[in-house]
Amino acid sequence: MKRRLFIATSISTALTACAPIGTALNNNAAFHKLLGAAQPLDHALIGTRGLAREYRESDISREFPIDSLPTPTDAAYDDMVARNFSPYRLAIDGAVEHRRTFSLAQLDAMTQSTQITRHDCVEGWSAIAKWSGVRLSDVLALVKPRADARYVVFHCMDRDDQGTPYYESLDLHEAMHPQTILALRFNGAPMPPDHGAPVRLRVPTQLGYKSAKWVKRIEVVGSFAAIYSGKGGYWEDQGYEWYAGI
Ligand SMILES: Nc1nc2c(c(=O)[nH]1)N[C@H]1C(S)=C(S)[C@@H](COP(=O)(O)O)O[C@H]1N2
Ligand SMILES: [Mo]
């Protein structure tokens, strides 16, 4: 446990920003040393075996940073915002028995799960908010991952200034965790565009970069080696740890 605390502290001081400054990060020897140190940690000791702490309404942060690639500004996204996301479809495909799409109304009609949890960004800030939405496990139960399924990849609508899209992934164990939700609401209101509307992944057992905003497609795969640079996420492709349990 001591070792884990040390690593958590080092992460917040070693990294400077979640902004697209990947090259600075890649050139940061201390950061790579840190990742090296984090590698041998036993997966079973941390993260998703337990529940993330849940807080009270009075603990909700008055300010919650917006800290990601820019909110999409393309015509399709603007049109969805203007029409309360009625044109939005979440596609789920890949290694599933029943590929399908969900409208926001369909997701809204499913059992909603609410959590007041803390989001921890590697940049060094944390904030508590109330998130409601559909358990990812409920959605996966409808599409039925095949026997060869191992990971769930989240494709997002935003891109960096090079045109590279944001994406993330979880293993099936983390995806099935009861606190892993596709969040539709933030602090009692529909998800604001700047926080990832209409559907944003919320994974309170993992560092902030796992909680993908603006999710448009969920791809169930046996391996993510062939997706983008093959490390399982936008930041992972630039050196972040794939396993980000806290
Ligand atoms: N699509 C997408 N999701 C993302 C990011 C991003 O750049 N794009 N940034 C991640 C990081 S590093 C953090 S800390 C949180 C920030 O979420 P917030 O802007 O709602 O606070 O979103 C995460 N999810
Ligand atoms: Mo972050």
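You'll find the structure just up there.
Just so you know, the residues in each chain are numbered from 1, in the order the chain's sequence is written. The order in which chains are written sets their letters, starting at A; the order in which ligands are written sets their numbers, starting at 1. Local features in this predicted model are restricted to residues whose pLDDT is 70 or higher, and side-chain atom pairs enter the listing and the counts only when it is 80 or higher, whereas totals over whole chains, interfaces and linings include all residues. With hydrogens and water stripped out, all remaining heavy atoms of the structure feed into the side-chain values.

A look at the packing of aromatic side chains
The pairing test for Phe, Tyr and Trp rings, Trp by its six-membered ring, is centres within 6.5 Å, and the orientation test on the planes gives stacked under 30 degrees, edge-to-face over 60, and tilted for anything in between. In total, this model carries 13 aromatic pairs according to the counting rule given. Measuring from ring centre to ring centre gives 4.7 Å for Tyr167 and Tyr228, while their planes differ by 40 degrees; the resulting arrangement is tilted. With Tyr167 in strand β6 (residues 165–171) and Tyr228 in the segment after β10 (215–221), this residue pair connects regions lying 61 residues apart in the sequence. Each residue's exposure class comes from its accessible area (1.4 Å probe, protein chains only) as a fraction of the maximum for that residue type: buried when under 20%, exposed when over 50%, partly exposed otherwise. By relative accessible area, which is 1% here, Tyr167 ends up buried. With centroids separated by 5.2 Å and ring planes inclined at 90 degrees, the aromatic side chains of Tyr234 and Trp235 adopt a geometry described as edge-to-face. Labels follow the DSSP assignment, with helices taken as runs of H or I lasting at least four residues and strands as runs of E lasting at least two, numbered in each case from the N terminus.

Considering the environment of Arg146
Here Arg146 shows up in the loop between α6 (136–143) and β5 (151–159). Exposure remark for Arg146: the relative accessible area of 37% places this residue in the partly exposed category. Under this definition, polar contacts are N or O atom pairs within 3.5 Å; protein pairs additionally need one hydrogen-donor-capable and one acceptor-capable atom, and for neighbouring residues in sequence, both atoms have to be side-chain atoms. Among the polar contacts listed, one links the side chain of Arg146 to the side chain of Asp148, at a separation of 3.1 Å.

Regarding α6
Those residues of α6 that sit buried are Leu136, Ser137, Val139, Leu140 and Val143. In an axial view of α6, the angular spread of the buried residues amounts to 160 degrees, which keeps them on one side of the axis. Note on α6: the residue one or two positions beyond its end, Lys144, has a positive phi of about 55 degrees. Each direction from the helix axis to a C-beta atom contributes to the arc, which is the arc of those directions.

Concerning unusual backbone geometry
With an omega of 0 degrees, the peptide bond between Ala197 and Pro198 qualifies as cis. Tracing the backbone through its elements, the reader meets Pro198 in the loop between β8 (189–190) and β9 (200–202). With a phi angle near 50 degrees, Asn187 is a residue other than glycine that sits in the positive phi range. Assignment of secondary structure puts Asn187 in the loop between β7 (181–186) and β8. Assessed through its relative accessible area of 31%, Asn187 is described here as partly exposed.

Here's the deal with the pairing of β10
When you tally the buried positions in β10, you get 5 out of 7 residues, the bulk of the element. Relative to β10, strand β1 (residues 89–94) runs parallel, the two sharing 4 bridges. Bridge pairing links Gly94 to Val220 in β10. In this structure, β5 lies alongside β10, joined through 6 bridges in antiparallel fashion. Within the sheet, the bridge partner assigned to Val152 lies in β10 and is Val220. By the convention used here, strands pair only if DSSP detects at least 2 bridges between them.

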